[in-house]
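# Overview (structure and organization)
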Amino acid sequence: MSLLSDLVNLNLSDTTEKIIAEYIWIGGSGLDVRSKARTLPGPVSDPSKLPKWNYDGSSTGQAPGEDSEVILYPQAIFKDPFRGGNNILVICDAYTPAGEPIPTNKRHAAAKIFSHPDVAAEEPWYGIEQEYTLLQKDVKWPLGWPVGGYPGPQGPYYCGVGADKAFGRDIVDAHYKACLYAGVNISGINGEVMPGQWEFQVGPSVGISAGDELWVARYILERITEIAGVAVSFDPKPIQGDWNGAGAHTNYSTKSMRNDGGYDVIKKAIEKLGLRHKEHIAAYGEGNERRLTGRHETADINTFLWGVANRGASIRVGRDTEKAGKGYFEDRRPASNMDPYVVTSMIVETTILWKP
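Read on for a plain summary of the structure. These numbers come from a predicted model, not from an experiment. (Residues numbered from 1 in each chain as written. Predicted model: local features only at pLDDT ≥ 70, side-chain atom pairs only at ≥ 80, totals over all residues. Heavy atoms only, no water.)

Our next topic: the overall build of the chain. Counting its secondary structure elements, the chain contains 10 helices and 14 strands. A burial count over the chain gives 51% of its 356 residues as buried. For the chain, the exposed area adds up to about 16,200 Å²; of that, 53% sits on carbon and sulfur atoms. Here the chain contributes 37 positive and 44 negative side-chain charges, whose respective centroids are spaced 3 Å apart. (Helix = DSSP H or I, 4+ residues; strand = E, 2+ residues; numbered from the N terminus. Buried < 20%, exposed > 50% of the residue type's maximum accessible area, 1.4 Å probe, protein only. Areas by Shrake-Rupley, 256 points an atom, 1.4 Å probe, with all protein chains shown as cover. Lys, Arg positive; Asp, Glu negative; His and termini not counted. Charge placed at Lys NZ, Arg CZ, Asp CG, Glu CD.)

If you want it as structure tokens, here you go:
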């Protein structure tokens, strides 16, 4: 008699050409990831060859009940680490039946910005540092913390090893390998300052693909924590008090910044970001005011400042970049729950297209 695990792990390619495509989209809160699967007649590697699909938008907070159909447009394909074989994960964005992007479709506007000739010529690169907190599912309290109590103060947990310092490493490593398998350009992981908090980095990724890769990496993390019976939180300040918040530091460079003389281009770009500080903060994630307090490696939410190797700044420039006279900078303001389509496109719009 087969066990459930045997059936889950069946290799379809032994008996059929057909594949399973898991269509993934962002729900009505702008943070919730949704997905459903369909059978396709054979392997597909080009998103434009995939059929559009629909879903009930009234059940995701994205359409009224009397006109509930929302259409999914496939945009990016990744290998499916859960089903294996030729099965795929498909990042989609959402439209009305008339072809208009729905309000929560932030990818559409971002793709427009990235396809602008001035932006495309600069080949914007991104590296996004996604922090998150693992929670005990039933009590919504960080993994490894005594229920209703607190662990020892911060200090030993950042990049820490050992059963009393690192909580949930099996989930983190499973996610790392699953992302590599899927084709996500994941570049590393580490334990964070607050116990139960971790980080993975996606990039360098060019243009719109940074958003696609971060969203599919979040989806894979949600699925792995589902299997493990653990909850994942992208709240920017999951625990009040003397505990670090969670951000999504966004590293950015353009071709001009990476070439000789790039440091001057970086300084001009930072100056422009400072002039639009309020607009950026408004778009950089919900609840960020609880995180950006001027403590715990952040700048105050109302203050814009930049510096070399300064982790208390809004924008940090690395020592290597200063020394080489070219390179990249890090925007430390985005919250862990930010939408990468919004943040990446806004940075490039302000630094390249916006004329003060």
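On to the sheet that holds strand β4 (residues 69–79), then. Within a beta sheet, neighbouring strands are joined by backbone hydrogen bonds and run either parallel or antiparallel to one another. Pairing is mixed across the open sheet formed by 5 strands, whose spatial order is β2-β1-β5-β4-β3. Every other strand in the sheet has two partners, leaving β2 (33–40) and β3 (53–56) as the edge strands with one partner each. Averaged over neighbouring strand pairs, the angle between their axes works out to 40° when direction is ignored. Examined bridge by bridge, β4 and strand β5 (residues 88–95) share 8 bridges and lie antiparallel to one another. Residue pairing across strands places Ala76 opposite Ile91, the latter belonging to β5. Along the sheet, helix α5 (residues 209–228) makes contact with β1 (19–26), β2, β4 and β5, crossing β5 at roughly 115°. (Pairing = 2+ DSSP bridges. Axes fitted to C-alpha atoms, helices over the stretch in contact; angles between N-to-C directions. Contact = heavy atoms within 4.5 Å.)

What follows covers empty space enclosed by the protein. Evaluation of the coordinates by the stated rule reveals 2 cavities of 30 Å³ or more. Here the largest cavity is characterised by a volume of approximately 140 Å³. If you go around the largest cavity, you meet 16 residues; those closest to its centre are Trp25, Ile26, Cys92, Asp93 and Tyr341. Looking at the lining of the largest cavity element by element, the count peaks at 4 residues for β5. By volume, the second largest cavity is sized at about 50 Å³. Lining the second largest cavity are Tyr157, Gly160, Lys165, Ala166, Phe167, Gly191, Glu192, Met194, Pro195, Gly196, Gln197 and Trp198. (1 Å grid on protein atoms, 1.4 Å probe; cavity = no way out; pocket = protein on both sides within 12 Å on 5 of 7 lines; lining within 4 Å. Points joined across faces, edges and corners; volume = space filled by probe spheres on them.)

Scanning all chains against the criterion turns up 12 aromatic pairs. When the ring of Phe114 is compared with that of Tyr126, the centres are 6.0 Å apart and the planes differ by 85°; the resulting orientation is edge-to-face. Of this pair, Phe114 sits in helix α2 (residues 107–114) while Tyr126 sits in strand β6 (residues 125–136), and the two are 12 residues apart along the sequence. Given a relative accessible area of 1%, Tyr126 falls into the buried group. Three or more aromatic residues joined by ring pairs form one cluster here, namely Phe114, Tyr126, Tyr252 and Phe329. A cation sits over an aromatic face here: Arg223 above Phe82, 4.1 Å from the ring centre. (Phe/Tyr/Trp six-rings, centres within 6.5 Å; stacked < 30°, edge-to-face > 60°. Lys NZ or Arg CZ within 6 Å of the ring centre and 35° of its normal.)

Below, the discussion takes up the environment of Ser45. Mapped onto the secondary structure, Ser45 falls in the loop between β2 and β3. Judged by its relative accessible area of 68%, Ser45 falls in the exposed class. Along the chain, Ser45 and Trp25 lie 20 residues apart, while their C-alpha atoms are 19 Å from each other.

Before going further, it helps to examine the environment of Asn54. By secondary structure assignment, the location of Asn54 is in strand β3. Expressed as a C-alpha distance, the spacing of Asn54 and Val70, which sit 16 residues apart in the sequence, is 5.4 Å. Apart from residues lying up to four places away in sequence, Asn54 is in contact with Lys36, Glu69, Val70, Ile71 and Leu72.

This part covers the pattern of salt bridges. A side chain with one charge may pair with a side chain of the opposite charge, provided their charged atoms come close. For the coordinates displayed, the defined rule picks out 15 salt bridges. A salt bridge links Asp212 to Arg107; the shortest N-O distance between them is 2.9 Å. Taken as a pair, Asp212 in helix α5 and Arg107 in helix α2 lie far apart in primary sequence, 105 residues in all. Neither residue differs from the other here; Asp212 and Arg107 are each classed as buried. (Salt bridge = Lys/Arg side-chain N within 4 Å of Asp/Glu carboxyl O.)

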